[in-house]
Amino acid sequence: MKPRFYLTTPIYYVNDAPHIGHAYTTLACDVLARFKRLDGHEVFFLTGTDEHGQKVEKAAHDAGQEPKAFTDKVSANFRDLARVMGISNDDFIRTTEPRHYAACAAMWQRLADNGALYLGHYEGWYAVRDEAFYGEDELTTGPDGVKRAPSGAPVEWVREPSWFFRLSEWGPKLLDFYDAHPDFIGPASRRNEVTSFVRGGLTDLSVSRTSFKWGVPVPNDPDHVMYVWLDALTNYITATGWPEDGPRAKFWPADLHMVGKDIVRFHAVYWPAFLMAAGLAPPKRVYAHGWWTNEGQKISKSLGNVIDPLALVAEFGLDPVRFFLLREVPFGQDGDFSRAALNRRLNGDLANDLGNLAQRTLAFIAKNLAPEVPAPGAFTPADTALLDAARALVGTLRTELDRQAFHAALEAVWVVVRAANAYIAEQAPWALRKTDLARMGTVLWVLLETIRHVAVLLQPFMPTSMANMLDQLGQGEGARMLVALETPLAAGTALPPPAPIFAKVEMAA
């Protein structure tokens, strides 16, 4: 039986258009999902949209639309982003779907039956933009006198009837859970942040609202709608068919929730507490990545520097953009987007290092040998060193991607790419053509075998480009799983005429 792997993006809030942050999170999940499939896993990959709450109700009103019509339109924009970015998700969930209403009602009933909920009233500082309440000690007051949450969102004092979740009882249980599962939260900086928050003491959490209507109704109390985070987080089990025991039930608990660092608290504190209080297993891991800036500036609509991922793809191509976003910045840290850095990565790493390595090798064979993989002879220490490095990449990438170190995985591949470029320069097959044809064939086989490993392993990052490269290596659909790398490249494999895969980009001065 295949091992299973269930991973999710956060469901994206539909009060605005998709931006680079949405593309970044979804792309990271897509790479991991594709890698796991290549490694023989049965994968379930979920993304979708979060469509309830006061903020959405207000955005719809400002747009002159009913909330459902507004969310239909904006949710479609996120589907389009996934399509343009080449995302291989298995499901796209919307919190306005009947299946989600049913799961939320079942979750609420479980919590109520287990004594985890009680009715009271809430008063406190509330940020509409964040859909979150904050303590007085978390707020700052600006020169304009406006109190703001840590996110920068303005807050207002709210008092209304509310159902509460007994979160205050879960502090010690959550800390025990974190200790027993040290990899539950990544990276380490976020784990430290979450554990510090929990050690500071938890208060009961308001989980319903009465001041607006755009939400999932609370069972048996129609004046209330569910707090958007209880509704939103439940999506991850909705998609498994819960509370029914359907074919996707086998995927719970999720192996990975990928989130931005601004929502790690909801996923690593509230969500496991909700689940355990409902008698359900918590997810295995929550990973929170960093934020992008743009040419050194914080990204904001007011500055007019929001990065449109669709425009980037239109200008530079899909695979180069996918590569750049996961190559440039250590995943988990904040990073800066710059066109100069994009230029360096596309021209340096892709066109010069990898593209030129494949093109010069394949073009030399096409010009000087039969159009097929040559037969190798005895290997020298230089041959073995390069082959060993290439063959070790499978294990390295498994390790790095399991800890969401996408940048480290790519750097490991490029160590081998650079070594292969040094090898071809040192072995000089063009000189061997005049002196030792057998040795020339061995050198070319070693290069082709190295390029094959690189191309197979880079498929999750650049699916179309690497499919093209594997085509040029004579590797059909049946030879592109990771297990195929255990069998050496067969001499005599037909090679089609080569063609460049990566073009250099010209950047405006």
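Quick summary incoming for the structure in this document. None of the values given here were measured: they were computed from a predicted structure.

Cut-offs applied
Residues numbered from 1 in each chain as written. Predicted model: local features only at pLDDT ≥ 70, side-chain atom pairs only at ≥ 80, totals over all residues. Heavy atoms only, no water. Helix = DSSP H or I, 4+ residues; strand = E, 2+ residues; numbered from the N terminus. Rg over C-alpha atoms; globule rule 2.2 N^0.38 Å. Buried < 20%, exposed > 50% of the residue type's maximum accessible area, 1.4 Å probe, protein only. Contact = heavy atoms within 4.5 Å. Areas by Shrake-Rupley, 256 points an atom, 1.4 Å probe, with all protein chains shown as cover. Lys, Arg positive; Asp, Glu negative; His and termini not counted. Charge placed at Lys NZ, Arg CZ, Asp CG, Glu CD. Pairing = 2+ DSSP bridges. Right-handed = clockwise from strand over helix to strand, strands pointing away. Axes fitted to C-alpha atoms, helices over the stretch in contact; angles between N-to-C directions. Parallel < 35°, antiparallel > 145°, perpendicular 65-115°, else oblique. Left-handed = near helix turned anticlockwise from the far one by under 90°. Nonpolar A, V, L, I, M, F, W, Y, C, P; charged D, E, K, R; others polar. Polar contact = N/O pair within 3.5 Å; in protein donor to acceptor, adjacent residues only side chain to side chain. Phe/Tyr/Trp six-rings, centres within 6.5 Å; stacked < 30°, edge-to-face > 60°. Salt bridge = Lys/Arg side-chain N within 4 Å of Asp/Glu carboxyl O.

A few words now on the overall build of the protein chain. Within the protein chain, the regular secondary structure consists of 18 helices and 19 strands. In terms of overall dimensions, the protein chain is globule-like: its C-alpha atoms have a radius of gyration of 26 Å, near the 23 Å expected for 509 residues. In terms of principal-axis extent, the alpha carbons of the protein chain reach across some 90 × 55 × 40 Å. Going through the 509 residues of the protein chain one by one, you find that 56% of them count as buried. For the protein chain, contacts bridging at least 24 residues in sequence account for 77% of all contacts bridging at least 6. When the accessible surface of the protein chain is summed, it comes to about 20,800 Å², and 54% of that surface belongs to carbon and sulfur atoms. Averaging the coordinates of the 50 positive side-chain charges in the protein chain and doing the same for the 59 negative ones gives two points 4 Å apart.

Once that is clear, we can look at the sheet that holds strand 11 (residues 205–206). Ordered in space as 6-5-9-11, the 4 strands form an open sheet in which the pairing is antiparallel. Sheet topology places strand 6 (132–134) and strand 11 at the edges, where each strand pairs with a single neighbour. The pairing of strand 5 (residues 117–127) with strand 9 (residues 156–165) spans 10 bridges and is antiparallel. Bridge pairing links L119 to W163 in strand 9.

This part covers the pairing of strand 15 (residues 256–260). With 5 of 5 residues buried, strand 15 lies mostly within the body of the structure. Side chains L256, M258 and G260 of strand 15 all project onto a buried face; the interleaved residues H257 and V259 project onto the opposite face, where all are buried too. Looking at chain direction, strand 1 (residues 4–8) and strand 15 are connected through 2 bridges and run parallel. When the bridges of strand 15 are listed, T8 appears paired with H257. Remark: the strand 15/helix 9 (residues 264–277)/strand 16 (residues 286–289) crossover connection has right-handed handedness.

What follows concerns the environment of L312. With respect to the helices, strands and loops of the structure, L312 is situated in helix 10 (residues 309–316). Owing to a relative accessible area of 7%, L312 belongs among the buried residues under this scheme. For L312 and I20, which are 292 residues apart along the polypeptide, the C-alpha to C-alpha distance reads 9.5 Å. Non-local contacts of L312, meaning those with residues more than four positions away in its chain, are made with I20, I307, G317, V321, F337 and L342.

Contact geometry for helix 13 (residues 381–391) and helix 17 (residues 437–458): axes closest at 9 Å, N-to-C directions at 15°. When the axis of helix 13 is compared with that of helix 17, the two are roughly parallel. In this structure, helix 13 crosses over helix 17, and the sense of that crossing is left-handed. For the pair formed by helix 13 and helix 17, the contact residues are D383, L386, L387, A390 and R391 on the first element and R439, T442, W445, V446, E449, T450 and H453 on the second. For the contact of helix 13 with helix 17, the residue count by class is 5 nonpolar, 3 polar and 4 charged.

If you trace the backbone, W163 turns up in strand 9. Not counting residues up to four positions away in its chain, the partners in contact with W163 are W108, L117, Y118, L119, L205, S206, V207, S208, V218, D221 and H224. Polar side-chain contacts of W163 include one of 2.8 Å to the side chain of D221.

The description of an aromatic ring pair uses the distance of the two centres, along with the angle that the planes make with each other. Overall, the coordinates contain 25 aromatic pairs when judged by the stated rule. Ring geometry for Y6 against W252: centres 6.2 Å apart, planes inclined by 65°, an arrangement best described as edge-to-face. Pair noted here: Y6 is in strand 1 and W252 is in the loop between helix 8 (235–238) and strand 15, with a separation of 246 residues, a long-range link. Both residues of the pair, Y6 and W252, belong to the buried class. Among the aromatic residues, those joined into a cluster by ring pairs are Y6, F44, Y236, F251, W252 and W271.

Cis rather than trans, the peptide bond between G186 and P187 has omega equal to -5°. Position of P187 relative to the elements: it lies in the loop between strand 10 (185–186) and helix 6 (188–199). In this model, W242 is joined to P243 through a cis peptide bond whose omega is 10°. Note that P243 resides in the loop between helix 8 and strand 15. Phi is positive for N220, which is not a glycine, with a value near 65°. With respect to the helices and strands, the residue N220 is situated in the loop between strand 13 (217–218) and strand 14 (221–226). Classification of N220 by relative accessible area gives exposed; the value is 76%.

Now for the pattern of salt bridges. If you walk through the whole model with that rule in mind, you get 34 salt bridges. Here R148 makes a salt bridge to D144, at a shortest N to O gap of 3.7 Å. If you follow the salt bridges from partner to partner, you end up with R327, E328, R345, D349, E411 and R418 in one network.

Our next topic: the side chain of Q475. Note that Q475 resides in the segment after helix 18 (463–472). Only 3.1 Å separates the side chain of Q475 from the backbone oxygen of L473, close enough to count as a polar contact. With sequence-adjacent residues up to four places away left out, Q475 is seen in contact with R452, L470, R480, L489 and T493.

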